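Read off the chains here:
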Amino acid sequence: AQKVTQAQTEISVVEKEDVTLDCVYETRDTTYYLFWYKQPPSGELVFLIRRNSFDEQNEISGRYSWNFQKSTSSFNFTITASQVVDSAVYFCALSEAGGFKTIFGAGTRLFVKA
Amino acid sequence: SQTIHQWPATLVQPVGSPLSLECTVEGTSNPNLYWYRQAAGRGLQLLFYSVGIGQISSEVPQNLSASRPQDRQFILSSKKLLLSDSGFYLCAWSSRQGNNSPLHFGNGTRLTVT
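How each quantity is defined
Residues numbered from 1 in each chain as written. Chains lettered and ligands numbered in written order. Predicted model: local features only at pLDDT ≥ 70, side-chain atom pairs only at ≥ 80, totals over all residues. Heavy atoms only, no water. Contact = heavy atoms within 4.5 Å. Buried area = accessible area lost by both parts, 1.4 Å probe. Salt bridge = Lys/Arg side-chain N within 4 Å of Asp/Glu carboxyl O. Polar contact = N/O pair within 3.5 Å; in protein donor to acceptor, adjacent residues only side chain to side chain. Helix = DSSP H or I, 4+ residues; strand = E, 2+ residues; numbered from the N terminus. Nonpolar A, V, L, I, M, F, W, Y, C, P; charged D, E, K, R; others polar. Core = buried A, V, L, I, M, F, W, Y, C linked by side-chain atoms within 4.5 Å. Buried < 20%, exposed > 50% of the residue type's maximum accessible area, 1.4 Å probe, protein only. Phe/Tyr/Trp six-rings, centres within 6.5 Å; stacked < 30°, edge-to-face > 60°. Lys NZ or Arg CZ within 6 Å of the ring centre and 35° of its normal. Pairing = 2+ DSSP bridges. Axes fitted to C-alpha atoms, helices over the stretch in contact; angles between N-to-C directions.

Asker: What should I look at first to understand the interface of chain B and chain A in this one?
Answerer: One widely used convention gives an interface's size as the accessible area the parts lose upon coming together. With 22 residues of chain B in contact, the opposing surface of chain A contributes 22 residues. Taken over both partners, the interface formed by chain B and chain A buries close to 1700 Å², and the fraction arising from carbon and sulfur atoms is 54%. Where chain B touches chain A, the interface holds one salt bridge. When the shortest N-O distance is used, the salt bridge between Lys101 of chain A and Glu59 of chain B registers 3.4 Å. For the pair chain B and chain A, the number of links is seven residue pairs in polar contact (both at pLDDT 80 or more). Contributions of two or more residues to the side of chain B that touches chain A are made by strand E4 (32-38), strand E5 (44-52) and strand E9 (87-94) of chain B. Taken together, the residues of the side of chain B that touches chain A sort by class into eleven nonpolar, nine polar and two charged.

Right, dumping it as structure tokens:
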């Protein structure tokens, strides 16, 4: 069965600190997709990134970076020089190739204090 | 560009009353449509998904139902609400093009059953 674990329930940092959100997943599929979504206080989930299981290259987008390691079944998300606007709940998610079900982790609530 | 509309934003209903939440998508054709529920402090639970008009797949047995009367319209219903139906309901769509396209979410409906 597929499972996504985000062990960090809440993280609190001071602005400009770097923060890493952990995500560990379980799947028996060899082809799968991993996602990160952001849910700001307004409630709407916003897609951040998608990775397929064959692409282990780390990715950087501005202050955001993602570290995908199949050996440890992890897909961690780092925010560099955090800002107050980064305060949100972040969800890691997993879906099997060609499937319709996306399994979400419980989310990590990030507080960035000014 | 594609947009997704979901209403109402908030709803307070007594136990035993009916429910109808509506979601429409604009700017795309033949989308996959989804209903998710987010309980307080928990991840997102997939309730229903649809790959076409009249085609509904249920993921969780419950007193909720879904219908897709038109290509870009997805409705979540209940004949009699339970207290446990309280939560944040999110409609989402994804493209059928490509593999495992990301989900695009509406603003959500916060349902309180009293």
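Here the narrative resumes, following the displayed structure.
Asker: How should I be thinking about the nonpolar core in this particular structure?
Answerer: In summary, soluble globular proteins display a tendency toward joint burial of nonpolar side chains. Core analysis: the largest hydrophobic core is formed by 23 residues, its most contacted members being Trp36, Phe75, Phe77, Tyr90 and Leu110 of chain A. Looking at this core, the elements that each hand over two or more residues are strand E2 (10-14), strand E3 (19-21), strand E5 (32-39), strand E8 (64-69), strand E9 (74-79), strand E10 (88-96) and strand E12 (108-113) of chain A. Of the residues forming this core, the biggest block, four residues, is contributed by E10 of chain A. Judged by nonpolar contacts, the second largest core, of 20 residues, contains Cys23, Leu33, Leu64 and Phe74 of chain B.

Asker: Explanation requested: the packing of aromatic side chains in the structure shown.
Answerer: Each pair of aromatic rings is reported with the distance of its centres and the angle of its planes. Tallying each qualifying case throughout the model produces 20 aromatic pairs over all chains. With a centroid separation of 5.2 Å and an interplanar angle of 55°, the aromatic rings of Tyr25 of chain A and Tyr32 of chain A are classed as tilted. Neither residue differs from the other here; Tyr25 of chain A and Tyr32 of chain A are each classed as buried. Considering the side-chain rings of Phe68 of chain A and Phe75 of chain A, the 5.8 Å spacing of their centres and the 75° angle between planes classify their relative orientation as edge-to-face. An aromatic cluster of at least three residues, connected via ring pairs, comprises Phe35, Tyr37, Phe47, Phe91 and Phe104 of chain A together with Tyr34, Tyr36 and Phe105 of chain B. Over the aromatic face of Phe88 of chain B sits the side chain of Arg110 of chain B, whose NZ or CZ is 4.4 Å from the ring centroid.

Asker: Looking at this structure, I do not really get the environment of Lys70 of chain A. What am I missing?
Answerer: Residue and element names in this part refer to chain A. With respect to the secondary-structure elements, Lys70 resides in the loop between E8 and E9. The class for Lys70 is partly exposed, based on a relative accessible area of 31%. Separated by 42 residues in sequence, Lys70 and Arg28 place their C-alpha atoms 12 Å apart. Every residue in contact with Lys70, bar those within four places of it in the chain, is listed here: Tyr25, Tyr32, Ser53 and Glu56.

Asker: For this particular structure, what's the right way to read the sheet that holds strand E3 (residues 19-26) of chain B?
Answerer: Strands in a sheet are paired, the pairing made by backbone hydrogen bonds, and the direction either parallel or antiparallel. All names here are of chain B. Taken together, four strands build an open sheet; the order of strands is E1-E3-E8-E7 and the sheet is antiparallel. The strands lining the two open edges of the sheet, one partner per strand, are strand E1 (3-7) and strand E7 (64-70). Neighbour-to-neighbour, the strand axes of this sheet turn through a mean angle of 15°, independent of strand direction. Note that E7 and strand E8 (residues 73-78) share five bridges and pair antiparallel. From the neighbouring strand, Ser65 faces E8, where its bridge partner is Ser77.

So yeah, pure geometry; function would need other evidence.
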